[in-house]
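# Per-entry structural report
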Amino acid sequence: MEFELAEEHRMLKDLVGRFVRDELMPLENKVLAREAEGNGLGLDAADHVRLDRISKELGLWGLDAPEDIGGADLPNVAMVGVEEEIGRTVTPYTLPPDSPNLRMLMATVNERQKALYLEPYVRGETVSAIGISEPGAGGDPAGMTTTAVRDGDDWVINGRKIWISRAADADFTILMALTDREKRARGGISAFLVDKGSPGFNVLRRIPMIGGAYTYEIALEDCRVEGWKLLGTEGNGFAPMQLRLGTRRIQMAAWSVGMAQRALDMIIEYAPQRVTFGVPLSERQAIQWWVAEAATKIHATRLMVYDCAWKLDQGRDVRLEISMIKWFATEMAYEVVDRAMQTFGAMGMTKELPLQQMSAKLRTMRIYDGPTEVHKWVVARNLLGTRR
Ligand SMILES: Cc1cc2nc3c(=O)[nH]c(=O)nc-3n(C[C@H](O)[C@H](O)[C@H](O)COP(=O)(O)OP(=O)(O)OC[C@H]3O[C@@H](n4cnc5c(N)ncnc54)[C@H](O)[C@@H]3O)c2cc1C
C-alpha cells in the first residue's frame, strides 16, 4: 500500500496551491464585497482575463483532457490534489475546462462533435451547462418528463428544466430528455447538445441562490436540435450522465477537504490570539476538541477521496464510494466551517471573512448532485440489498 502522492502529482498540487495563494486569495476581499453588495459571487472581466493568462502560462489548463487535443490526461488522483487546493479559496475560478462535462463529452462525442464541441471546450473557448433537473424531478432524475421526439433528421424537445447553473451564458447545454417514456433510465434517456440562443430554448428566469450563486429555469418549447447533436446513442444518455455526476461528486469532495482545511487553519491562527475571561480560546477544551475533531475528520475524508479516485483510475466500480464521499465530505466540511464561524464570534458572522461564503457554498453542495439523504440511501440500499 502506498499513501504518498506521486512526485509529479505532488508538485502539481503545490503549483496550484501557489496559484491559489498568490492569485486567487488576494481577490477574495473584492469578491466578497461584490457579493455583499448583492451583485453575485463573480470576478471582474479584467481579473478573469488575467487569471486565464496566468493559469495558462503555468500549464494548468486541460489537466484531465486527452493528450491528442492538447490536454495532460492526468489521472483522477492528480485531480484530487488540484481540486483540494482550488477548494481553499472562495474566489470563483475554474481551471478550464471544468471536468464533469469534459468527461461526459469524452465518453460520448463522435468526430464531428469532437471537432465542434469537445476541442473548443478543452481549449477554454467555450462554457457549458448541464440540464438534468426539472420542477418535478431533481434527486430522482429518472423521473424527468422533458421529451425529445424525432422529426425527420431532427429532434424536437419539449419540457421544463430548473436550477440549471450557467444556462443563460453557456455556449451550449448538455440537455437530458426522454426518448422512450417506458424505458426511462434503462435505455430511454438521451443527451443532446443545445446551443445558446437556439429557438425554443427559453430562459424563463434567473434564480438567486444563497452564497451569491444563480441558477436558471428553462422552458423547452419545440426546441429543434439537429440529429447529429445527439450525444452518444439514442436512449443511452443515463450512464454518461452518471459518469459526469460522479466526476463532479469526487471534485466536490476534494473541494470540501480544501474548504475544511482552510477553516481549520483559520481557527488555529485565531484561537491563540483571542482572549476571553483572561484565557486564550486555544486553551479552552471546547475549541481544542473542535480542532482535534476537524483535523481527524479532514484526514479521514482526504484518504477516502484519494482511495475513491485511485480505484477509479484502476477502472474499478466506485459508485458506492462516490456516494459515501459526496455526503461525508460536504457534511464534514459544513461542520468544520460552522465551528470556525463560532470560534470567530461576531467576526465569523460578517461578510468580510470568507467563512460565511464557504458555509453557503457547502450548504448548496449538500443538495446539488444528489442530496445527502439520497446518497446515504444509495449506500444503505446497496448494503441491504433493498430496492426502495
Ligand atoms: C446551487 C445549485 C446548482 C444546481 N445546478 C444544477 C445544474 O447545473 N443542472 C441541473 O440539472 N441541476 C442543478 N441543480 C439541481 C440539483 O442537482 C437538485 O436540486 C438536487 O439533485 C436535488 O433535487 P431537488 O431539489 O428536486 O430535491 P428533491 O429530489 O425534491 O429532494 C428534496 C429532499 O428530499 C429528501 N429526499 C429525496 N429523496 C430521498 C430519498 N430517496 N431518501 C431520503 N430522502 C430523500 C432529501 O432530504 C432532499 O434534500 C442545482 C442545485 C443547486 C442547489
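For the structure itself, look to the data block above.
Okay, so let's go over this structure. Quick caveat: nothing in here was measured; it's all calculated off a predicted structure. (Residues numbered from 1 in each chain as written. Predicted model: local features only at pLDDT ≥ 70, side-chain atom pairs only at ≥ 80, totals over all residues. Heavy atoms only, no water.)

Below, the discussion takes up the overall build of the protein. When you go through the protein residue by residue, the secondary structure sums to 11 helices and 10 strands. Taken over C-alpha atoms, the radius of gyration comes to 21 Å for the protein, in line with the 21 Å a tight globule of 388 residues would show. The C-alpha extent of the protein, read off along each of the three principal axes, is 80 × 55 × 40 Å. For the protein, the residues scored as buried account for 52% of the 388 residues in total. In the protein, the share of contacts with a sequence separation of at least 24, taken over all contacts with a separation of at least 6, comes to 72%. Taken as a whole, the protein presents about 18400 Å² of accessible surface, with 52% of it coming from carbon and sulfur. (Helix = DSSP H or I, 4+ residues; strand = E, 2+ residues; numbered from the N terminus. Rg over C-alpha atoms; globule rule 2.2 N^0.38 Å. Buried < 20%, exposed > 50% of the residue type's maximum accessible area, 1.4 Å probe, protein only. Contact = heavy atoms within 4.5 Å. Areas by Shrake-Rupley, 256 points an atom, 1.4 Å probe, with all protein chains shown as cover.)

A word on the environment of Ala170. Within the secondary structure, Ala170 sits in the loop between strand E3 (154-165) and strand E4 (172-178). Judged by relative accessible area, which is 1%, Ala170 ranks as buried. Distance from Ala170 to Asp195, taken between C-alpha atoms, is 8.3 Å for residues 25 residues apart in sequence. Sequence-distant contacts of Ala170, that is, excluding residues within four places in its chain, are made with Val127, Ser128, Ala129 and Lys196.

Attention now moves to the pattern of salt bridges. Overall, the coordinates contain 34 salt bridges when judged by the stated rule. Among the salt bridges present, the one from Glu85 reaches Lys13, with a minimum N-O distance of 2.7 Å. Taken together, the positions of Glu85 in helix H4 (residues 76-87) and Lys13 in helix H1 (residues 7-24) put the pair 72 residues apart, joining distant regions of the chain. For the residue pair Glu85 and Lys13, the accessibility class agrees, reading buried in each case. In this structure, Glu217 engages Arg205 in a salt bridge whose closest nitrogen and oxygen atoms are separated by 2.8 Å. Here Glu217, found in strand E7 (residues 214-226), pairs with Arg205, found in strand E6 (residues 201-208); they are 12 residues apart in sequence, far enough to count as distant. One salt-bridge network, held together by shared partners, links Lys30, Arg34, Asp44 and Asp47. (Salt bridge = Lys/Arg side-chain N within 4 Å of Asp/Glu carboxyl O.)

Tracing the backbone shows Glu28 in helix H2 (residues 28-36). Aside from chain neighbours lying at most four places away, what touches Glu28 is Arg88, Thr89, Val90, Thr91, Arg262 and Pro354.

Here we come to the nonpolar core. Counting 63 residues, the largest nonpolar core has Phe19, Val82, Ile86, Tyr93, Leu95, Val305 and Leu355 as its most contacted members. Looking at this core, the elements with two or more residues in it are H1, H2, helix H3 (45-57), H4, helix H7 (238-270), helix H8 (285-313), helix H9 (319-343) and helix H10 (355-365). Considering every element that reaches this core, the biggest residue donor is H7, with 13 residues. Not counting residues within four places of it along the chain, the set of residues in contact with Val305 comprises Val80, Ile250, Ala253, Ala254, Val257 and Ile325. Counting 26 residues, the second largest nonpolar core, distinct from the first, contains Met104, Ile189, Leu231 and Leu245. (Core = buried A, V, L, I, M, F, W, Y, C linked by side-chain atoms within 4.5 Å.)

Bringing the side chain of Glu84 into the picture now. Among the structural elements, Glu84 can be located in helix H4. Glu84 sits in the buried class, given a relative accessible area of 4%. Not counting residues up to four positions away in its chain, the partners in contact with Glu84 are Lys13, Ala254, Val257, Gly258 and Arg302.

A separate point is the packing of H9 against H10. Packing of H9 against H10 brings their axes to within 9 Å, and their N-to-C directions diverge by 155 degrees. By the angle between their axes, H9 is roughly antiparallel relative to H10. Every pair of crossing elements has a handedness; the one defined by H9 and H10 is left-handed. The segment H9 lies against H10, with Lys326, Thr330, Ala333, Tyr334, Val337, Ala340 and Met341 engaging Leu355, Gln356, Met358, Ser359, Leu362, Arg363 and Met365. A per-class count over the contact of H9 with H10 returns nine nonpolar, three polar and two charged. (Axes fitted to C-alpha atoms, helices over the stretch in contact; angles between N-to-C directions. Parallel < 35°, antiparallel > 145°, perpendicular 65-115°, else oblique. Left-handed = near helix turned anticlockwise from the far one by under 90°. Nonpolar A, V, L, I, M, F, W, Y, C, P; charged D, E, K, R; others polar.)

Turning our attention to the site of the ligand. Around the ligand, a shell composed of 20 residues is seen, among which Ile132, Ser133, Gly139, Trp163 and Glu373 lie nearest. Contact between the ligand and Ile132: an oxygen atom at 2.8 Å from a main-chain N or O atom of the residue. One of the backbone N or O atoms of Gly138 is found 3.5 Å from an oxygen atom in the ligand. Elements with a minimum of two residues in the shell around the ligand: strand E1 (128-131), E3 and helix H11 (372-384). (Near = heavy atom within 4 Å. Polar contact = N/O pair within 3.5 Å; in protein donor to acceptor, adjacent residues only side chain to side chain.)

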